[in-house]
Amino acid sequence: MELVNPLSAFRWWPDYLDVAGVKMRGIAEKQGHAFSRLGWLSVRDGASDADEIGRAIRRQYRPLSQLALDKARNEYASREVIRFPRYFIIEPLTVCNRKCFFCPIIVTNRYGAKMKWEHFTKLMEECGQHDVYGLSLYQLSEPMLYRGRDEESNPVDIADMVDVAKRKGGFKAVNISTNGDVTNLDRLLECDLDDLFFSIDGTTAEVYSQNRPSTKANDIGAFERTVGRVHAFLELKASRGQARPWCRLQIINNSLCAPQVLDFIRYWIQIPGVDDVFVKHLDSMAPWLGTSVVPEEEARIKMDKVRTMPCQHIYSIGSMVATGSYNACSHDALTQLTTADARVDKMSFADWWNGDFMTKLRTEHEEGASRMPCVACAERDPWLGGLAP
């Protein structure tokens, strides 16, 4: 993924960083760089290359991931549209206890929506009939806040969604991203979750509160409370000796965090229960947030490179939002890239994916995206990666 903020991000590659006494470059992934705790520990015990060890451990943990990604990249390169996408991003709800300035939940037209359990299970039943691989159970929300009722009125939560996705949906890898400031993190040790991302975005309360202000007025101590809850979860995971979920501590690489990135890596990589620390590239979200995330002049550097690039999302990733509507793009905060009938209770996802709207949208992208929000969006490459970091 190309940096959208190359002038203000923290940049170190291809040089090494001193990560608490260990030389590491980080492992380049689709949306940033991962620093492996086990790789770091191995070098402290006498091994030679923390990043190579970390890469091998991650591939051992997710042996099918690279194969699925390579297939998707090859299909995208030839503009092949497979019958059913291997990857999905599903939005359990559109409610959050943070109002991050870089997240378009602050402008979405579906705030407060919560997915009906029957909508979720219906899509999972269809996914189970196809060769799916990865599912992200978050979008514009804090997914840990999801509460619902199943067909027999029993209470269900995000952990139940994970188990249904694995058992009924047939997904091989399910991940959740959370801000960590919730009381039910322990539920994620009781389900079949593969990857858990904690987005902390700062090493001090000052920077954290600028990135992730609370929705509660005068929420004094939000940073310390959040860090404490994440620590408690990691301690519990480590004390149980559980290998899953893979726990990633994440900091976004924006101008606020840039001076703190190295300290963030150095701190969290030493914590038992952490599997890796991730420096995530920023998304500008310009169609919805304008220039409030990345200044226009800086954002133009990437936009000039991807302006004629068809978006990877519409070739490889399926999306359903909290209202039960299918959407061509999981970033689409104003729900523009859909139709009135594109709903899980009205049509199959396969019919939507292969239908007139998606076919026309892909043609537009191949000819040069012309409609909003696509024409103003620089995030055409995070989904499969491939452009230079």
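Our subject is the structure that appears above.
Trainee: Please provide a residue-by-residue account of the overall build of the chain, values included.
Mentor: Broken down by element type, the chain carries 13 helices and 13 strands. Compactness check: the chain gives a C-alpha radius of gyration of 20 Å against a globular reference of 21 Å for 389 residues, within 12% of the reference. Its C-alpha atoms give the chain principal-axis dimensions of about 55 × 50 × 45 Å. In the chain, buried positions account for 58% of the 389 residues. Long-range contacts, defined here as pairs at least 24 residues apart, represent 74% of the contacts in the chain between residues at least 6 apart. In the structure as shown, the chain presents an accessible area of about 15,800 Å², 50% of it carried by carbon and sulfur atoms. Taken as two groups, the 48 positive and 52 negative side-chain charges of the chain have centres that lie 1 Å from each other.

Trainee: Give me unusual backbone geometry: which residues, what numbers.
Mentor: Only a minority of non-glycine residues have a phi that is not negative, and only a minority of peptide bonds are not trans. A cis amide bond links Arg-244 to the next residue, Pro-245, at an omega of 0°. Counting through the fold element by element, Pro-245 comes out in the loop between helix H7 (222-240) and strand E11 (246-252). Look at the link from Met-372 to Pro-373: it is a cis peptide, with omega at 5°. One can find Pro-373 in the segment after helix H13 (356-367). A positive phi angle, close to 50°, is found at Ala-20, a residue other than glycine. Notably, Asp-201 is not glycine yet its phi reads approximately 60°, a positive angle. In this fold, Asp-201 is placed in the loop between strand E10 (195-199) and helix H6 (205-211).

Trainee: Describe the packing of aromatic side chains, listing the residues and the values that go with them.
Mentor: The geometry of an aromatic ring pair is captured by two quantities: the separation of the ring centres and the angle between the planes. The full count for this structure, using the stated rule, is 20 aromatic pairs. Pairing Phe-349 with Trp-353 gives two aromatic rings, centres 6.1 Å apart and planes at 25°, and the pair type is stacked. Highlighted residues: Phe-349 and Trp-353, both in helix H12 (residues 349-353), separated by four residues, approximately one helical turn. Judged by relative accessible area, which is 1%, Phe-349 ranks as buried. Here Trp-352 and Phe-357 contribute two aromatic rings whose centre-to-centre distance is 5.3 Å and whose plane-to-plane angle is 20°, an arrangement assigned as stacked. When its relative accessible area of 4% is taken as the criterion, Trp-352 is described as buried. Its guanidinium or amino end placed over the ring of Tyr-315, Arg-79 lies 6.0 Å from that ring's centre, counting from NZ or CZ.

Trainee: Help me get a handle on the environment of Ala-340, residues and values and all.
Mentor: Within the secondary structure, Ala-340 sits in the loop between strand E13 (317-320) and H12. Spatially, the C-alpha atom of Ala-340 lies 49 Å from that of Leu-38, the residues being 302 residues apart in sequence.

Trainee: So, the environment of Arg-248: which residues are in play, and what are the values?
Mentor: Topologically, Arg-248 is positioned in strand E11. Using a relative accessible area of 5% as the deciding quantity, one classes Arg-248 as buried. Arg-248 sits 213 residues away from Phe-35 along the chain, and the two C-alpha atoms are 9.4 Å apart. Beyond its immediate chain neighbours, meaning those up to four positions away, Arg-248 contacts Glu-29, Ala-34, Leu-196, Phe-197, Phe-198, Asp-276 and Phe-278. In terms of polar contacts, Arg-248 uses its side chain to reach the side chain of Glu-29, at 3.0 Å.

Trainee: I'd love a proper account of the pattern of salt bridges, names of residues and values included.
Mentor: Oppositely charged side chains are able to pair whenever their charged atoms sit close together. Tallied over the entire structure, the rule returns 31 salt bridges. Between Glu-91 and Arg-110 there is a salt bridge, and its shortest N-O distance comes to 2.8 Å. Taken together, the residues span a long stretch of sequence, with Glu-91 in the loop between strand E5 (87-90) and helix H4 (117-127) and Arg-110 in the loop between E5 and H4 at a distance of 19 residues. Taking the relative accessible area as the measure of exposure, Arg-110 reaches 5% and is therefore buried. Residues Lys-166 and Asp-192 are paired through a salt bridge, measuring 3.3 Å at the closest nitrogen-oxygen approach. Of this pair, Lys-166 sits in helix H5 (residues 158-167) while Asp-192 sits in the loop between strand E9 (173-178) and E10, and the two are 26 residues apart along the sequence. Owing to a relative accessible area of 16%, Lys-166 belongs among the buried residues under this scheme. Relative accessible area serves as the criterion here: at 31%, Asp-192 is assigned to the partly exposed category. The network of salt bridges with common partners includes Arg-98, Asp-181, Asp-219, Arg-225 and Arg-229.

Trainee: Tell me about the nonpolar core, and name the residues and values.
Mentor: Core analysis: the biggest nonpolar cluster contains 116 residues, and Phe-35, Phe-88, Phe-120, Met-124, Leu-137, Leu-234 and Trp-268 have the highest contact counts within it. When residues of this core are assigned to their parent elements, the largest contribution, six residues, is made by H5. Setting aside its immediate chain neighbours within four residues, Leu-234 contacts Phe-198, Cys-247, Leu-249, Trp-268, Ile-271, Pro-272, Gly-273 and Val-274.

Trainee: Could you give an account of the pairing of strand E4 (residues 32-36), with specific residues and numbers?
Mentor: With five of five residues buried, E4 lies mostly within the body of the structure. Bridge count for strand E3 (residues 27-29) against E4 is three bridges, and the pairing is antiparallel. Following the sheet pairing, Glu-29 is matched in E4 by Gly-32. What sits between E3 and E4 in their antiparallel hairpin is a turn of two residues. Sheet topology places E4 next to strand E12 (residues 276-280); five bridges connect them, and they run antiparallel.

Trainee: Let's hear about the state of the cysteines: which residues, and what values?
Mentor: Considering all chains together, one arrives at zero disulfides under this definition. Not engaged in a disulfide, the cysteine Cys-96 finds its nearest cysteine sulfur in Cys-100; these two sulfurs lie 6.1 Å apart. Given a relative accessible area of 13%, Cys-96 falls into the buried group. Just so you know, Cys-377 is unpaired, no disulfide at all, and the nearest cysteine sulfur is the one on Cys-329, 6.2 Å from it.

Rules behind the numbers
- Residues numbered from 1 in each chain as written.
- Predicted model: local features only at pLDDT ≥ 70, side-chain atom pairs only at ≥ 80, totals over all residues.
- Heavy atoms only, no water.
- Helix = DSSP H or I, 4+ residues; strand = E, 2+ residues; numbered from the N terminus.
- Rg over C-alpha atoms; globule rule 2.2 N^0.38 Å.
- Buried < 20%, exposed > 50% of the residue type's maximum accessible area, 1.4 Å probe, protein only.
- Contact = heavy atoms within 4.5 Å.
- Areas by Shrake-Rupley, 256 points an atom, 1.4 Å probe, with all protein chains shown as cover.
- Lys, Arg positive; Asp, Glu negative; His and termini not counted.
- Charge placed at Lys NZ, Arg CZ, Asp CG, Glu CD.
- Phe/Tyr/Trp six-rings, centres within 6.5 Å; stacked < 30°, edge-to-face > 60°.
- Lys NZ or Arg CZ within 6 Å of the ring centre and 35° of its normal.
- Polar contact = N/O pair within 3.5 Å; in protein donor to acceptor, adjacent residues only side chain to side chain.
- Salt bridge = Lys/Arg side-chain N within 4 Å of Asp/Glu carboxyl O.
- Core = buried A, V, L, I, M, F, W, Y, C linked by side-chain atoms within 4.5 Å.
- Pairing = 2+ DSSP bridges.
- Disulfide = S-S within 2.5 Å.

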